[in-house]
Amino acid sequence: MTAVYTNIRYGWILDVGKVEYDRALQWQRGLVKMRNEGMARDTIMLVEHPPVCTVGRDGHQENFKDVKTEPVFVERGGDVTFHGPGQLVVYFIFNLARRGRDLHEFMSSIQQGIIDTLAELGITARMGDEHTGVWVGEKKIASIGVAVKKWITFHGAAINLNVDLHEFEQMEPCGLSSTVMTSAAELLGRPVDMKEFARILLLKYGERFGTHFDPVALEALAEDMESQSGGYTI
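Residues numbered from 1 in each chain as written. Predicted model: local features only at pLDDT ≥ 70, side-chain atom pairs only at ≥ 80, totals over all residues. Heavy atoms only, no water.

Lay out the overall build of the protein chain in plain terms, naming residues and giving numbers.
Within the protein chain one finds 6 helices and 11 strands. In terms of overall dimensions, the protein chain is globule-like: its C-alpha atoms have a radius of gyration of 17 Å, near the 17 Å expected for 234 residues. Judged by the C-alpha coordinates and their principal axes, the protein chain covers about 45 × 35 × 30 Å. For the protein chain, restricting intrachain contacts to residue pairs at least 6 apart in sequence, the fraction spanning at least 24 positions comes to 73%. Distance from the positive charge centre (24 side chains) to the negative charge centre (32 side chains) of the protein chain: 6 Å. (Helix = DSSP H or I, 4+ residues; strand = E, 2+ residues; numbered from the N terminus. Rg over C-alpha atoms; globule rule 2.2 N^0.38 Å. Contact = heavy atoms within 4.5 Å. Lys, Arg positive; Asp, Glu negative; His and termini not counted. Charge placed at Lys NZ, Arg CZ, Asp CG, Glu CD.)

Put into structure tokens, the structure is as follows:
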């Protein structure tokens, strides 16, 4: 059992709905600068993307040579993966300098929050032994990949709820066979209410991170996020 953060903090929830991957990435980068400069709180961003393949720092050409469209290359850890409708993507813009500078604990908490939420649906999941992510038996239900800049995190987790698993067949996700991927809908034999799942997930993260997360309107931050992202460097 991973440790639970103590001392209540206050953070933001940014639920942006369905957004193109490039736009959400631009917003993340803007929030990284804002968080570094004290202009934003630790933020959890919830997103559902149109179909897109992304490749992280550890990407290998042979794992994404057959993807249907040009992949997006990003600074997160990990290899290639798919994002699309029915998948809940959770981005974390956190200042780890204020949380003990413990990246391992942070990654464990991301995964444990998903595990705790899946348990509410009757799905028993675990952290991967050899491969990062959340697993149900020998099947992977959530992928994890983060980046850190001056102890500010971004990117995060992609949770397969109702996503079309056939989309993974165009690649070897995270260097694995596409057959290892599963979804909550496949395991339960029915679609999952993504809004309700997100609601429970945020409660679990509030407990694990010792943080009270309040919703913040996209309109209140969009201009600042986009202006800050223009000066982003990695």
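On we go from here.
How would you summarise the environment of K195 if you had to cite specific residues and measurements?
Position of K195 relative to the elements: it lies in helix α5 (residues 194-208). Each C-alpha atom of the pair K195 and L88 lies 9.4 Å from the other, and the pair is 107 residues apart in sequence.

Break down the nonpolar core for me, citing the residues and quoting the values.
Formed by 35 residues in total, the largest nonpolar core has its most connected members in L88 and I114. Within the residue set of this core, elements represented by two or more residues are β2 (43-48), β6 (87-93), α3 (103-120), β8 (134-136), β9 (139-149), β10 (152-160) and α5. Membership of the second largest hydrophobic core comes to 27 residues, among which are L14, L31, V74 and V89. (Core = buried A, V, L, I, M, F, W, Y, C linked by side-chain atoms within 4.5 Å. Buried < 20%, exposed > 50% of the residue type's maximum accessible area, 1.4 Å probe, protein only.)

A description of helix α6 (residues 218-229) should follow, citing residues and the corresponding values.
Look at α6: 15 Å from first C-alpha to last across 12 residues, which is about the 16 Å you get at 1.5 Å a residue. Buried within α6 are the following residues: L221, A222, M225, Q228 and S229. Projected onto a plane normal to the axis of α6, the buried residues spread over an arc of 150° and lie on a single side. Looking at α6, the residues exposed on the side facing more than 90 degrees away from the buried face are E219 and E223. (Expected span 1.5 Å × (residues − 1). Arc of directions from axis to C-beta.)

Go over unusual backbone geometry with me, naming the residues and quoting the values.
The backbone of K150 sits at a positive phi, close to 50°, despite the residue not being glycine. For K150, the position within the fold is in the loop between β9 and β10. With relative accessibility at 61%, the residue K150 sits in the exposed group. Here W151, not a glycine, exhibits a phi torsion of approximately 70°, which is positive. Structurally, the position occupied by W151 is in the loop between β9 and β10.

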